[in-house]
Amino acid sequence: MLKFYKSINSKLETLKNFEHDCWIELSNPKSDEIHKVSEITNIDIETLNYLLDEEEQSRVEVGDDYILVIVDIPLNESSSNSSYYTTVPLGIIITKTNIITISTVQTDIINGFINGNIKNFNTYEKDDFLLKILLINAKYYLSYLKQISKRTNQLEREVHKSLKNKELLQILELEKSLIYFSTSLKSNEVVLKKIANSSHIKKYIKDMDLLEDVLIENKQAVEMAGIYGDILSRVMDAFSAIIDNNQNSVMQFLTTITFVLSIPTIISGLFGMNVSGIPFEHNKEGFFLVVIITVIISLITSLIMYLKKLF
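For the chain, an unreviewed UniProt entry supplies the name Magnesium transporter CorA family protein and the organism Paeniclostridium hominis. Listed under Sequence similarities (unreviewed entry) in UniProt, the entry text for the chain is "Belongs to the CorA metal ion transporter (MIT) (TC 1.A.35) family."

Novice: Any chance you could explain helix α1 (residues 31–41) here in plain terms?
Specialist: Here α1 has its buried residues at Glu33, Ile34, Val37, Ser38 and Thr41. Taken down its axis, α1 places every buried residue within 140° of arc, on the same side. Projecting away from the buried face of α1 at angles above 90 degrees are the exposed residues Ser31, Asp32 and Glu39. Looking one or two places after α1, you find Asn42, whose phi comes out positive at around 65°.

Novice: Looking at this structure, how should I read the sheet that holds strand β4 (residues 59–62)?
Specialist: Each strand in a sheet pairs with another by means of backbone hydrogen bonds, the pair being arranged parallel or else antiparallel. Here seven strands make up an open sheet; going across it, the order is β2-β1-β3-β7-β6-β5-β4 and the pairing mixed. Looking at which strands have only one partner, the edges of the open sheet turn out to be β2 (11–15) and β4. Here the average twist between neighbouring strands, direction ignored, is 25°. On the sheet, α1 packs against β1 (2–8), β3 (23–27) and β7 (99–103) and is oriented at approximately 45° with respect to β1. Along the sheet, helix α5 (residues 166–197) makes contact with β4, β5 (66–76) and β6 (85–95), crossing β6 at roughly 20°.

Novice: Whenever I open this one, the pairing of β5 confuses me. Can you help?
Specialist: Residues in a regular strand point their side chains to alternate faces of the sheet. Extensive coverage of β5 is indicated by the burial of 10 of its 11 residues. With four bridges connecting them, β4 and β5 associate as antiparallel partners. Within the sheet, the bridge partner assigned to Val60 lies in β5 and is Val69. Counted along the chain from β4 to the antiparallel partner β5, the turn is three residues long. Note that β5 and β6 share 11 bridges and pair antiparallel. Within β6, the residue paired with Pro74 across the bridge is Thr87.

Calculation criteria
Residues numbered from 1 in each chain as written. Predicted model: local features only at pLDDT ≥ 70, side-chain atom pairs only at ≥ 80, totals over all residues. Heavy atoms only, no water. UniProt positions renumbered as here; feature names shortened; annotations may be inferred. Buried < 20%, exposed > 50% of the residue type's maximum accessible area, 1.4 Å probe, protein only. Helix = DSSP H or I, 4+ residues; strand = E, 2+ residues; numbered from the N terminus. Arc of directions from axis to C-beta. Pairing = 2+ DSSP bridges. Axes fitted to C-alpha atoms, helices over the stretch in contact; angles between N-to-C directions. Contact = heavy atoms within 4.5 Å.

Given below as structure tokens:
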């Protein structure tokens, strides 16, 4: 999808056609849209196409007429039965007259600018716009990391009562998500440092403070991802041990019940044998005595098992 936006009177407006100082937004674009943008901006089609590669690495490239910044942005792909987060590359191209964003999906970060949730930005202040995208990106990482932490705590409460693999699989998904986040955040940090040291990206006085905020937020996200990753790895090991222990407790309980129930089975089997010489063989009152003795033996056995904490 290809759309044009421009700040007019401090308000973002949708344009029908290309104009100078507009924002060219591409999300999961078609080939004809790629060709159109290439013709408008004189950027190679190959450059635009490889930005749609989900494995594209974060980096900064400086061309003759443009600056290309690629960063990884977080995506929440969780559902009611899973907890999964991933990252995709977002390409940001600054030309002399325009700014272009391109990605394979319509992300919440971009939607925030389009829907007016992000204030105080203008499409003609391209450097400032770039830094605001990077700042919001870092904030989304922090937000998703907090969600992962809360979900981990919730799963921790659930796993104490569970004997299934559902919770462990969700923890495994969260652990995998943190690996994606940690790797992407470290790559983004390299990009931010290159931007800070780049003479090609003009930095006004207000931009210096904004860039510092971006670096701080991203660094905090890197540290949080590392801490949560270590915690989740240890929690995963602990949860595995808890589930194994729960299963052992159930097996122990079932074994104890089987042992107690085997006592009347053995006695009834003995008195049901077709042989002579068995006590109370011809005494009907003896039958009830045998039943009472069986119950007493079973109760005593159960009491011993209980005292040994086998129940």
